[in-house]
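Structure at a glance
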Amino acid sequence: MAIRIPFFGLISLHSPLVGILEHYEQIAKGMILIEESMECYISGGNGEGACKEFNALMREVDEVEAKADTIKRYIRNHLPRSIFLPVDKHVFFSYTRQQDDILNAGQASLQWLAIRDVMVPEIFQRDLIFFLAEVSKCVEMLRPCIESTLAWVDGDHIDRNSVKKRVRDVRIQHNIVTDMMHKLHSKLYRSDLDFKDIYQLIHFVEHLHRMSHNTEGCVDLLRVMIAK
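Throughout, a residue's number is its position along its own chain's written sequence, starting from 1. Reporting of local features is limited, given that this is a predicted model, to residues whose pLDDT is at least 70; pairs of side-chain atoms are given and counted only at 80 or more, and all residues count toward the totals for whole chains, interfaces and linings. Computation of side-chain values: all heavy atoms of the structure, hydrogens and water removed.

As a further point, take the overall build of the protein. Strands are runs of DSSP state E lasting at least two residues, helices are runs of H or I lasting at least four, and both sets are numbered from the N terminus onward. Along the backbone of the protein there are seven helices and two strands. Secondary structure elements of the protein, listed N to C terminal, follow the sequence β-β-α-α-α-α-α-α-α. Accessible area is worked out with a 1.4 Å probe on protein chains only. A residue is then buried under 20% of its type maximum, exposed over 50%, and partly exposed in between. Across the 228 residues in the protein, those meeting the buried criterion constitute 50%. Here, residues are in contact when the closest pair of their heavy atoms is within 4.5 Å. A separation of at least 24 residues holds for 79% of the contacts in the protein among residues at least 6 apart in sequence. The protein chains shown are the only cover counted for residues, whose accessible areas, like all others here, come from Shrake-Rupley with a 1.4 Å probe. As displayed, the protein has an accessible area near 11600 Å², and 53% of this comes from carbon and sulfur atoms.

What follows is the structure, encoded as structure tokens:
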């Protein structure tokens, strides 16, 4: 059985957890905007500062993040009694906070870029684009983990081991992101860039890494939800 709730779309009464998928959709939108923002910022580094669209894209990210917060509050405030919730309520609350922090970290990464215009040298442009692509891949891998976990919790016929494999795949991807971050740190610190530029780009990279880190935290909690 399902009902349609304005703004939040189709909410299944069978699974009160389905709201986290709607929340994830906002994170996915935010991830796309963050990629566009960085590409815009880098391409605008031609002596005239960041591209004119960068601030507009940042505002779009803020709007998506605000909508994600609204959805998070809604699903938290409309949970059934614990006896009807298929997972531990504390685990569920921890999960929604962890998932929300993915986009919060992305928002913070753009705020570091916006502090002042940085001319990103070509030798770092490729590295940053590839790094962000791996972060985005990690975030994208969360969706099938959510879908398969909720299906398993709802009693659908799904192989529990396949859910666990998806969780492991996200952990492996996060390790790739972490390794890339360390290499970027080393390359930035050994560069001839002004230290203010290094400091700013390091924080940008670290907050992008935090998006991946929070994604790994989400799959750890999903793993708890299917634990026996």
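Take the nonpolar core next. Only buried residues count toward a nonpolar core. Its members are Ala, Val, Leu, Ile, Met, Phe, Trp, Tyr and Cys residues joined through side-chain atoms within 4.5 Å. Ile 34, Tyr 95, Leu 142 and Ile 146 are the most contacted members of the largest nonpolar core, which totals 66 residues. Of all the secondary structure elements, the ones that give two or more residues to this core are helix H1 (19–43), helix H2 (54–77), helix H3 (89–114), helix H4 (122–140), helix H5 (142–153), helix H6 (160–189) and helix H7 (195–225). When near neighbours in sequence (up to four residues on either side) are disregarded, Ile 146 contacts Ile 20, Leu 21, Tyr 24, Tyr 95, Gln 99 and Leu 222.

You can read pLDDT as the predictor saying how much it trusts each residue, on a scale of 0 to 100. Averaged over all residues, the pLDDT of the protein equals 86, while 85% of them reach at least 70. With pLDDT under 50 throughout, residues 1–14 is counted as low confidence; its partners more than four residues away or in other chains account for 29 contacts.

For the rest of this paragraph, the subject is the packing of aromatic side chains. For Phe, Tyr and Trp, rings pair up if their centres lie within 6.5 Å, where Trp contributes its six-membered ring, and each pair is then called stacked (planes under 30 degrees apart), edge-to-face (over 60) or tilted (otherwise). Applying the stated criterion across every chain yields a total of four aromatic pairs. Look at Phe 92 and Phe 93: their rings are 6.5 Å apart centre to centre, the planes differ by 50 degrees, and that puts the pair in the tilted class. Note on Phe 195 and Tyr 199: the rings are 6.3 Å apart at their centroids and 40 degrees apart in plane angle, and the pair reads as tilted. You can see Phe 195 and its partner Tyr 199 sitting in helix H7, four residues apart, about one turn around the helix. Joined through ring pairs, the aromatic side chains of Trp 112, Phe 195 and Tyr 199 make up one cluster. Comment: the charge-over-ring label is applied if NZ (Lys) or CZ (Arg) is within 6 Å of the ring centre and within 35 degrees of the ring normal. We note Arg 76 situated over the ring of Phe 93; from NZ or CZ to the ring centre the distance is 4.9 Å. It is Lys 187 that lies over the ring of Phe 124; its NZ or CZ is 5.6 Å from the centre.

Running from amino to carboxyl end, H1 crosses H3 at an angle of 15 degrees, the nearest separation of the two axes being 10 Å. Overall, the two elements H1 and H3 adopt an arrangement that is roughly parallel. Note on packing geometry: the crossing formed by H1 with H3 is left-handed. Contacts from Ile 20, His 23, Tyr 24, Gln 26, Ile 27, Gly 30, Ile 34, Ser 37 and Tyr 41 in H1 reach Phe 92, Tyr 95, Thr 96, Gln 99, Asp 100, Ile 102, Leu 103, Gly 106, Gln 107, Leu 110 and Leu 113 in H3. Here the axes come from fitting lines to C-alpha atoms, over the contacting stretch only for helices, and the angles between their N-to-C directions go from 0 to 180 degrees. Angle categories: roughly parallel below 35 degrees, roughly antiparallel above 145, roughly perpendicular from 65 to 115, and oblique for all the rest. For a crossing to be left-handed, the near helix must be turned anticlockwise from the far one by less than a right angle; the clockwise case is right-handed.

Within the secondary structure layout, Gln 125 lies in helix H4. Considered as a pair, Gln 125 and Ile 42 are 83 residues apart in the sequence and their alpha carbons are 6.8 Å apart. With residues near it in sequence (within four places) discarded, Gln 125 still touches Ile 42 and Val 120.

Before going further, it helps to examine the side chain of His 209. Topologically, His 209 is positioned in helix H7. Owing to a relative accessible area of 12%, His 209 belongs among the buried residues under this scheme. Excluding residues within four positions of it along the chain, His 209 makes contact with Phe 131, His 174, Val 177, Thr 178 and Met 181.

As a further point, take the environment of Ala 105. By the element assignment, Ala 105 lies in helix H3. With relative accessibility at 4%, the residue Ala 105 sits in the buried group. If sequence neighbours within four positions are ignored, Ala 105 has contacts with His 207, Arg 210, Met 211 and Asn 214.

Next up on the list: the pattern of salt bridges. What counts as a salt bridge is simple: a side-chain nitrogen of Lys or Arg found within 4 Å of a carboxyl oxygen of Asp or Glu. Counted under the stated rule, the structure contains seven salt bridges. Across the pair Arg 116 and Asp 197 runs a salt bridge whose closest N-O atoms are separated by 2.8 Å. Of this pair, Arg 116 sits in the loop between H3 and H4 while Asp 197 sits in helix H7, and the two are 81 residues apart along the sequence.

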